[in-house]
Amino acid sequence: MIKALLQPVLTAALAAALTGCLFQDRLESFDGPTMGSTYSIKYVRGDGVPARDVLQKETERILADLDRQLSTYRADSDIAQFNRLPAGQCQAVPEAVRELVAAGERLSRQTGGALDLTLEPLLDLWGFGPQGRMERIPSESEIATARENVGHRHLRIEGEQLCKDVAAQVDFNSIAAGYAVDRVVARLKALGVKSYLVEITGELKAEGHKPDGQPWRIAIEAPRDDQRVAQRIVELDGLGVSTSGDYRNYFERDGRRYSHTIDPTTGAPIEHRLAAVTVLHPSTLEADGLSTALMVLGPDKGLEFANRHQLAALFVVRQGQQFVSTSSTAFKQLFGEGEDK
């Protein structure tokens, strides 16, 4: 009699436990437009995690705020207003702007100036910036004039203000998306999300496992300008990923290729054989900025830098009509030698 009474109770308890597991194992997602591109969020739904529309609203609030603060393609953004100020002026700016300026200065020092957030005059001059009217090859004197307003030494933060001593202009494109990923991830985790894959305009970060216990896997794209091809598949858990390359944004004149990646030391596009570099780092902002810096440094100096700083990086170098990949020691330790696709 006792056994008969216990059976429905145990059955009900088991059903409740299974229902709870099923709820916790649910994979959900949402996506949308942002920053002139798109974003995509995948996550595992668990106990205490708000409904999907709440998470999407929180995500899009962050992205809208950052776009309004950081975009150089919006005349009303905080940084666009700062860029229009003449030399010797200051402007109160949001915390995000101050954080990114400070991060850019730190990364600039770390990379010997390979990353520079004040390149907008040169980007515009070569036709790659928001004010660039056409792709063109400027004269040496035009480059020299633009470089007079380039350099982190011309910026300073005073309290809540950003100041400049020349007509400097700031462009956050090399770190803004990575910063946005980190901000969205922090908010999702604060709301109880433990397993996620967050991608914003191509920069991404993943942590945890999918409902079937499998890790999040992402494809590192091969440097092809005619189609999208996966070169390597890697598993992520707590790492941000950023790839920089010159294989899509460039122009050609008289058989010569001009990349959108500008070397701050010359004021001109890079000329080495590095086609693309992927960086993995716990901070997506760091991965974003360092991938740009390594593109500027090139295959030899970039690999040396990555190994010296124990940075996980994959380099893809042009050799004639072919591509050859090499990876840093830290990348090999994380993912092995691997095989290119």
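Residues numbered from 1 in each chain as written. Predicted model: local features only at pLDDT ≥ 70, side-chain atom pairs only at ≥ 80, totals over all residues. Heavy atoms only, no water.

Going by an unreviewed UniProt entry, the chain carries the name FAD:protein FMN transferase and comes from Stutzerimonas balearica DSM 6083. Among the UniProt annotations of the chain, the heading Subcellular location (unreviewed entry) holds the following wording: "Cell inner membrane". (UniProt positions renumbered as here; feature names shortened; annotations may be inferred.)

*Asks:* Please explain the overall build of the chain as it appears in this structure.
*Replies:* When you go through the chain residue by residue, the secondary structure sums to nine helices and 17 strands. Relative to its 341 residues, the chain shows a buried fraction of 50%. Residue pairs in contact within the chain that sit at least 24 positions apart in sequence constitute 61% of those at least 6 positions apart. Total accessible area on the chain stands at roughly 16,700 Å², and carbon and sulfur atoms take up 50% of it. (Helix = DSSP H or I, 4+ residues; strand = E, 2+ residues; numbered from the N terminus. Buried < 20%, exposed > 50% of the residue type's maximum accessible area, 1.4 Å probe, protein only. Contact = heavy atoms within 4.5 Å. Areas by Shrake-Rupley, 256 points an atom, 1.4 Å probe, with all protein chains shown as cover.)

*Asks:* Would you mind showing me how to read the sheet that holds strand 5 (residues 161–164) here?
*Replies:* The strands that make up a sheet are held in pairs by hydrogen bonds between backbone atoms, and each pair lies either parallel or antiparallel. The strand order across the open sheet built from three strands is 3-5-4, with neighbouring strands paired in antiparallel fashion. Of all the strands in the sheet, the pair left with one neighbour each is strand 3 (90–92) and strand 4 (155–158). This sheet shows a mean twist of 25° between the axes of neighbouring strands, independent of strand direction. Pairing analysis gives four bridges linking strand 4 to strand 5, with the strands arranged antiparallel. Looking at the pairing, Arg156 lines up with Cys163 of strand 5. Contacts between helix 4 (residues 95–110) and the sheet are confined to strand 4 and strand 5, with strand 4 contributing the most and set at about 135° to the helix. (Pairing = 2+ DSSP bridges. Axes fitted to C-alpha atoms, helices over the stretch in contact; angles between N-to-C directions.)

*Asks:* Looking at this structure, I do not really get the packing of helix 2 (residues 52–70) against helix 4. What am I missing?
*Replies:* Helix-helix packing: each pair is described by the crossing angle between the helix axes and the interaxial distance. Viewed as axis vectors pointing N to C, helix 2 and helix 4 meet at an angle of 65°, and their least axial separation amounts to 9 Å. Comparing the axis directions of helix 2 and helix 4 gives the class roughly perpendicular. Note on packing geometry: the crossing formed by helix 2 with helix 4 is right-handed. Facing helix 2, whose interface residues are Leu66, Gln69 and Leu70, helix 4 presents Ala96, Val97 and Leu100. Grouping the constituent residues of the contact of helix 2 with helix 4 by class yields five nonpolar, one polar and no charged. (Parallel < 35°, antiparallel > 145°, perpendicular 65-115°, else oblique. Left-handed = near helix turned anticlockwise from the far one by under 90°. Nonpolar A, V, L, I, M, F, W, Y, C, P; charged D, E, K, R; others polar.)

*Asks:* Please explain the environment of His281 as it appears in this structure.
*Replies:* Position of His281 relative to the elements: it lies in strand 15 (residues 274–281). Sequence separation between His281 and Lys205 is 76 residues; the distance between their C-alpha atoms is 9.1 Å. Apart from the residues within four sequence positions on either side, His281 is in contact with Leu239, Gly240, Glu286, Ala287 and Leu311.

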